[in-house]
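Results of the structural survey
Each chain, letter by letter, is given below.
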Amino acid sequence: MRRAFSTVKRLVAHSAPFLPRTHTCGELTTDHVGARVVLAGWLLPERKVSKAMSFFPIKDSHGTTQLVVRRKRDSCAGDLAALSDIPIESTVLIEGEVRVRPQTSRRGDGTGDVEVEVSDFVLLNPADRNLPFVPSDEHCLVNEELRAEFRHLDLRRASLTNNIKKRSIVSRVIRDTLHHEGFLEVETPLLLKSSPEGAREFLVPSRVGRSAHEADMHPLFYSLPQSPQQPKQLLICSGAVDKYFQIAKCFRDEDGRKDRQPEFTQIDLEMAYVSWGPPLHQSRIGGHEVRAVVESLIRNIWQQVENVALPSSFNVMTYAEAMSSYGSDKPDTRFPLKIVNVSSLLPDQHRARLEGAGVTLEALVIRQSDCQPFLRANDGELGVPDVDRIVITTENKSNWLDNCRYAAINRALGMNPGDCILDITAPFSRRGGFRGGSTALGRVRTRLAEMAEKLGDYTPPTTPHFLWVTEFPLFTRADPDKDFLAHGRWSSTHHPFTAPMWQDIDAMYAGRISQVRGQHYDLVLNGVEIGGGSVRIHDAAMQDYIFTQVLQLTKSEKATFEHLLHALRCGAPPHGGIAIGFDRLMSILCKTASIRDVIAFPKTGAGTDPLLKSPAPIAADVLRQYGIQPVQRS
């Protein structure tokens, strides 16, 4: 290694053989004391103790080791002093002896009990002295835009490195668990045909199937999958695979949102012979086989990765209960605030008046006795219009509701002077029930918890709260994300292949579409939806009826599903599945608010990639090869 020192003064990369490393920078312990080791990694800022001695941390993806450099009066020491001239974040190879740190300097974690006294080193590749930022300095974090532009540098931060490692570990647990459960991992195509399944698709132009004389005809496109929904159903219909899984890449061309990515990863499952709702199980819908596998998978992940034992089964709540009690289709059940339907407590004539107007009176009671953490948060701005805030006093206790004396309401709500009630008249259909994903008071409830946490009055429990939400409306007109496809028609709440509850099949064929519930189940963790699945329609006639009579697909729209209808007519078994959002699951496991922190090369909230500079325009002559002509804007 000696002749490598001459390169230090010139700060050039070492392009010649070098010693293999013997250990990683996170591996050494007191068991290695006295051993000669070779480490490789990034050199971090020097801490000079005296003219005769300096400390340098050296870091790799496994951890950090402290180096000791002693400057003695010989030629070797002079070479070692050159370490001080190397820019931080340069890649170096060092050789030295492992020693025990002084007792007062030991940290007792990882490599904190030892240090390596350097005897030799090689500068493998110098870093620029003017880096955009120093990733090792996590106490001075630059803005997210700059870190996204230089993501390759940002990934050196220990927090991101650890997230990527944990993601790999969880991937292994997923595969091990599902292989043990008898699932086969099967890859499905990424280049598909566009179909009206719900979300907006990414389209990929293609020259495949076009002859030279067709160059001026309509261009041909593949679409990237929103999910492997149709291929995995076809796989189960084929009979070749009884239980399928895949850690699948998916794509959705949606408007930018901070918690979404245009390309994302999901844990995708599908099973044959999934039930339609046996009466012996907690839920009235089918698919208990799928949910049992998912609960086993989640338990294994938490046990092996977090060392946390989860319950043998997860709670189940219907969509109607979630919306009425928590005002959300993904309720956070970690805190006790519940919404009360005050209409049910009113005298008959007043309740009838509200029902006639198509509204219900809901309330959220903040009691001093059992809601102490939310009292200060309740004084802040709620951010939701039309919500009335009434503080109960001795003067208004008996007539706070429209100056009417309803002692029964006060008793039912358990209100006392000093308590606060938040109420609103909310739209409600007696025939169709709730619609959408949240109510006004549900959003207030979530905001109160967020504000109380920021104020330090409320700390969410560390125990994860898993919950299945079931019995969603099968069809909706309340999803703005699907308006571009629906054009005023009914659209599927989940996707068009979800089976109705068997109890509601007659209502569907009778045209009472708003009353039909689906065999759809969402998995919610701490108020975040991490997965969704359903029992699928295996009856071709029922699937055709939903396409034609309920969703009112055009002939061309329906044609995109002909292969699936044919597969159902070929004796397809009852089947069902689920998709779990892997990125969101990892953000929870890594305790980070942004899913970008658990993806190696994420897009921004606007869907762009500042590092690889995508998306980007394509030259007109290339577009012509695909039959695409740029629009000339005036």
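To be clear, the structure that these remarks concern was listed above.
So, here's what we can say about the structure.

Rules and cut-offs
Residues numbered from 1 in each chain as written. Predicted model: local features only at pLDDT ≥ 70, side-chain atom pairs only at ≥ 80, totals over all residues. Heavy atoms only, no water. Helix = DSSP H or I, 4+ residues; strand = E, 2+ residues; numbered from the N terminus. Buried < 20%, exposed > 50% of the residue type's maximum accessible area, 1.4 Å probe, protein only. Contact = heavy atoms within 4.5 Å. Areas by Shrake-Rupley, 256 points an atom, 1.4 Å probe, with all protein chains shown as cover. Salt bridge = Lys/Arg side-chain N within 4 Å of Asp/Glu carboxyl O. Pairing = 2+ DSSP bridges. Axes fitted to C-alpha atoms, helices over the stretch in contact; angles between N-to-C directions. Phe/Tyr/Trp six-rings, centres within 6.5 Å; stacked < 30°, edge-to-face > 60°. Lys NZ or Arg CZ within 6 Å of the ring centre and 35° of its normal. Parallel < 35°, antiparallel > 145°, perpendicular 65-115°, else oblique. Left-handed = near helix turned anticlockwise from the far one by under 90°. Nonpolar A, V, L, I, M, F, W, Y, C, P; charged D, E, K, R; others polar. Disulfide = S-S within 2.5 Å.

The helix and strand tally for the chain stands at 18 helices and 22 strands. For the C-alpha atoms alone, the extent of the chain along its principal axes is close to 100 × 85 × 60 Å. Residue burial in the chain is summarised as follows: out of 634 residues, 47% are buried. In the chain, once contacts between residues fewer than 6 apart in sequence are set aside, the share between residues at least 24 apart is 68%. Of the roughly 31,500 Å² of accessible surface on the chain, 52% is carried by carbon and sulfur atoms.

Considering all chains together, one arrives at 28 salt bridges under this definition. In this structure, Lys-591 and Glu-306 form a salt bridge, with 3.1 Å as the shortest nitrogen-oxygen distance. Here Glu-306 lies in helix α7 (residues 288-306) and Lys-591 lies in the loop between α17 (582-589) and α18 (620-625), a separation of 285 residues in the sequence. For Lys-591, a relative accessible area of 66% puts it in the exposed group. In this structure, the salt-bridge partner of Arg-334 is Asp-332, at a minimum N-O distance of 2.7 Å. Given the relative accessible area of 13%, Asp-332 is considered buried. When salt bridges with common partners are traced through the structure, they connect Arg-147, Arg-151, Asp-154 and Arg-157 into a single cluster.

In this section: unusual backbone geometry. Here Ser-614 and Pro-615 are connected by a cis peptide whose omega angle stands at -5°. With respect to the element layout, Pro-615 can be found in the loop between α17 and α18. You will see that Glu-471, though not glycine, has its phi angle at about 60°, which is positive. Mapping Glu-471 onto the fold places it in the loop between β17 (466-470) and β18 (475-476).

Another point: the sheet that holds strand β11 (residues 263-272). In spatial order, the strands read β7-β10-β11-β22-β21-β20-β17-β12; together these 8 strands make up an open sheet with mixed pairing. Of all the strands in the sheet, just β7 (184-185) and β12 (315-318) have a single pairing partner and so form its edges. Pairing analysis gives 7 bridges linking β11 to strand β22 (residues 575-581), with the strands arranged antiparallel. Within β22, the residue paired with Glu-270 across the bridge is Gly-577. Packed on one face of the sheet, helix α5 (residues 158-180) meets β7, β10 (243-251) and β11 and runs near 150° to β10.

Okay, α17 next. Most of α17 is tucked away: 6 of the 8 residues are buried. Those residues of α17 that are buried lie in contact with α5, β10, β11, α7, β21 (528-535) and β22. Just beyond α17, the residue with positive phi is Lys-591, at close to 55°.

Taken as a whole, this structure holds 11 aromatic pairs when the rule is applied. Here the aromatic rings of Phe-335 and Tyr-458 are separated by 5.9 Å at their centres, their planes lie at 70°, and the arrangement is edge-to-face. Of the two residues, Phe-335 is situated in the loop between α8 (319-326) and β13 (339-341) and Tyr-458 in the loop between α11 (440-455) and β17; the sequence distance between them amounts to 123 residues. Tyr-458 carries the same exposure label as Phe-335, and that label is buried. Arranged with centres 6.4 Å apart and planes meeting at 90°, the rings of Phe-497 and Phe-547 form a pair that is edge-to-face. Taken as a pair, Phe-497 in the loop between β19 (491-492) and α13 (505-509) and Phe-547 in helix α14 (residues 540-550) lie far apart in primary sequence, 50 residues in all. Residues Phe-497 and Phe-547 agree in their burial class; the two are buried. Its guanidinium or amino end placed over the ring of Tyr-521, Arg-291 lies 5.1 Å from that ring's centre, counting from NZ or CZ. The positively charged end of Arg-477 is found above the aromatic ring belonging to Trp-490, 4.2 Å away from the centroid.

Packing of α5 against α7 brings their axes to within 10 Å, and their N-to-C directions diverge by 140°. With respect to each other, α5 and α7 are oriented oblique. Crossing of α5 over α7 shows right-handed handedness. Residues Lys-166, Ile-169, Val-170, Val-173, Ile-174, Thr-177 and Leu-178 of α5 lie in contact with α7, whose contacting residues are Val-293, Ser-296, Leu-297, Asn-300, Ile-301, Gln-304, Val-305 and Glu-306. When its residues are assigned to classes, the contact of α5 with α7 shows 9 nonpolar, 4 polar and 2 charged.

Below, the discussion takes up the side chain of Thr-65. In this structure, Thr-65 sits in strand β4 (residues 63-70). Among residues more than four places away in sequence, those in contact with Thr-65 are Cys-25, Leu-28, Leu-39, Phe-56, Pro-57, Ile-58, Thr-111 and Val-116.

Counting across every chain of the model gives 0 disulfides. Here Cys-250 is not cross-linked by a disulfide; its sulfur's nearest cysteine counterpart is in Cys-237, at 19 Å. Exposure remark for Cys-250: the relative accessible area of 0% places this residue in the buried category.

Glancing now at the environment of Ser-223. Take Ser-223: it is sitting in strand β9 (residues 220-223). Ser-223 gets classed as buried once you look at its relative accessible area, which sits at 1%. For the pair Ser-223 and Pro-205, spaced 18 residues apart in sequence, the C-alpha to C-alpha distance is 8.6 Å. Residue contacts for Ser-223: discarding those within four places in its chain leaves Leu-190, Leu-191, Leu-192, Lys-193, Ser-194, Glu-201, Phe-202 and Leu-203.

For the pair α5 and α17, the least separation of the axes is 11 Å and the interaxial angle reads 120°. Between α5 and α17, the interaxial angle falls into the category oblique. α5 and α17 meet at a crossing whose hand is right-handed. Touching Lys-166, Arg-167, Val-170, Ser-171 and Ile-174 of α5 are Phe-582, Asp-583, Met-586 and Leu-589, all from α17. Tallied by class, residues from the contact of α5 with α17 come to 5 nonpolar, 1 polar and 3 charged.

Time to look at the environment of Gln-503. Examined against the element boundaries, Gln-503 turns out to sit in the loop between β19 and α13. Given the relative accessible area of 32%, Gln-503 is considered partly exposed. Spatially, the C-alpha atom of Gln-503 lies 9.9 Å from that of Gly-518, the residues being 15 residues apart in sequence.

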